[in-house]
Amino acid sequence: MEKTKPFNIPKNLFVQAYKHVKANSGAAGADKQSLEDFSRNLKDNLYKLWNRMSSGSYFPPPVKAVPIPKKSGGERILGVPTVADRIAQMVVKLMFEPCVEPYFLPDSYGYRPNKSALDAIGVTRQRCWHYDWVLEYDIKGLFDNLDHQLLMKAVKKHTDNKWVILYIERWLTTPMQMPDGSLQEKTRGVMQGGVISPVLSNLFLHYVFDVWMKKKHSNTPWCRYADDGLAHCKTEEAAKQLLAELTNRFKECGLELHPNKTKIIYCKDGSRRKDYPNKSFDFLGYTFRARLCKNTKRNSMFMNFTPAVSKEALKSMRATTRKYDLRNRTDLSLADIARWYNPILQGWLNYYGKYSRSALYPVWRHFNKTLVAWARRKYKPLQRHKTRAGRFVERISNERPNLFVHWRAGMVGAFA
């Protein structure tokens, strides 16, 4: 007969948590144990984790620090918890998230059930048509600078579950194991890469920004996706005033707005003719700016302030294709490449093709050129004949239009 545990944590939560973690995959942590390793002795490993968490004796191991390049240059440190710790965090998330989710506001879109980045893009697109000015704010190092005391105050406002509170407190101070093996203590912030971190940062910004906006600027529409946020204003003066107030608000809560990335934008289009230095902004992989659009009812063209895939996103997609080195995979057939790469192409089309789909043309052209390069390496008669190789792949696109995602969608593009 098992002794009574200090905390009554349902065992089935650990099975659910494991399934979520497995679905998200991910690398091994500091202990070098992979998901496959953990799964080999799944029943015992989950039992040990349940036993330790239920007794209050679970202390999270150090988080592996992995430097990843920023799009804007430099590096950010991503924390990779061990597999067991990811499951432990998921157990707490499954218990805690339903306590806070009903209180989050509709215009908070990041890392929430039944909310997506495309939802945020869609609502922003509509609002840019009705409001001339946008304040785009960027928080400097949000994940590194969250105040633990303020965060725990918010956590305790939504739950009195002692083991949820205990383990969240422990994760906030879990040290990070740097590449040289040294341990870096944490006194502020949440681990970027932790399972529990998104809901905690959302909760923090819910009170710092969302609720504050609702109370102080109830007539100003806003949209937030994690730490990326926008607010729409009728006038430049209103945007400047909001920026000043928002700067103070974040400062009061221990955060700082990035001076170079926070800016006011004029949504210039065919009817808005004011001259202003900032006439576009990037949000969630899309660039919002004036574009020539067609009015199908009147069969005429007009300038509209609308989103399309950003240059950075296009660059990233082309880099992904280069990284997989498809042009040198002569061991594969075109059908093999299609089976392998179509899920990636489909993901790009689903996300970046939602608005201004034709802006994806450079990605399709680059991919087609990669197929031409593949054909020249695979077939000797085509090696010295780029044009002939282009016609060869183009003929296949006509004969088998369903082979690749963009061919199927009628966006074949050029082959040279």
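Residues numbered from 1 in each chain as written. Predicted model: local features only at pLDDT ≥ 70, side-chain atom pairs only at ≥ 80, totals over all residues. Heavy atoms only, no water.

**A short note on the overall build of the protein chain**
Okay, so step 1: Summing up its helical and strand segments, the protein chain has 15 helices and eleven strands in all.
Okay, so step 2: Here the protein chain, with 416 residues, has 48% of them falling under the buried criterion.
Okay, so step 3: Taking all contacts inside the protein chain whose residues are at least 6 apart in sequence as the whole, residues at least 24 apart take part in 68%.
Okay, so step 4: Separation of charge centres in the protein chain, based on 71 positive and 37 negative side chains, amounts to 7 Å. (Helix = DSSP H or I, 4+ residues; strand = E, 2+ residues; numbered from the N terminus. Buried < 20%, exposed > 50% of the residue type's maximum accessible area, 1.4 Å probe, protein only. Contact = heavy atoms within 4.5 Å. Lys, Arg positive; Asp, Glu negative; His and termini not counted. Charge placed at Lys NZ, Arg CZ, Asp CG, Glu CD.)

**Points about the pattern of salt bridges**
Okay, so step 1: All told, the structure shown has 14 salt bridges when counted by the stated rule.
Okay, so step 2: Here R40 makes a salt bridge to D37, at a shortest N to O gap of 2.5 Å. Here R40 pairs with D37, and both are found in helix α2 (residues 35-40), just three residues apart, close to one helical turn.
Okay, so step 3: By relative accessible area, R40 is classed as exposed at 64%. (Salt bridge = Lys/Arg side-chain N within 4 Å of Asp/Glu carboxyl O.)

**What about a positive patch on the surface?**
Okay, so step 1: On the surface, a cluster of positive charge is contributed by K315, R322, R327, R365, K369, R377 and K386.
Okay, so step 2: Mapped onto the positive patch, the elements with two or more residues apiece are α11 (311-323) and α13 (361-378).
Okay, so step 3: Top element by residues in the positive patch is α13. It accounts for three residues.
Okay, so step 4: Structurally, K386 is set in helix α14 (residues 386-399). (Patch = residues over 30% accessible without salt bridge, like charges linked within 9 Å, V, L, I, M, F, W, Y side chains within 5 Å. Areas by Shrake-Rupley, 256 points an atom, 1.4 Å probe, with all protein chains shown as cover.)

**Considering the sheet that holds strand β10 (residues 286-295)**
Sheet strands pair via backbone hydrogen bonds, and the direction of the pair is either parallel or antiparallel.
Okay, so step 1: The strand order β9-β10-β11 describes an open sheet built from three strands, whose pairing is antiparallel. In this open sheet, the two strands that pair with only one neighbour each are β9 (281-283) and β11 (300-309). Direction aside, neighbouring strands of the sheet carry axes that sit 50 degrees apart on average.
Okay, so step 2: The pairing of β10 with β11 spans ten bridges and is classified as antiparallel. Bridge pairing in β11 links F288 to P307. (Pairing = 2+ DSSP bridges. Axes fitted to C-alpha atoms, helices over the stretch in contact; angles between N-to-C directions.)

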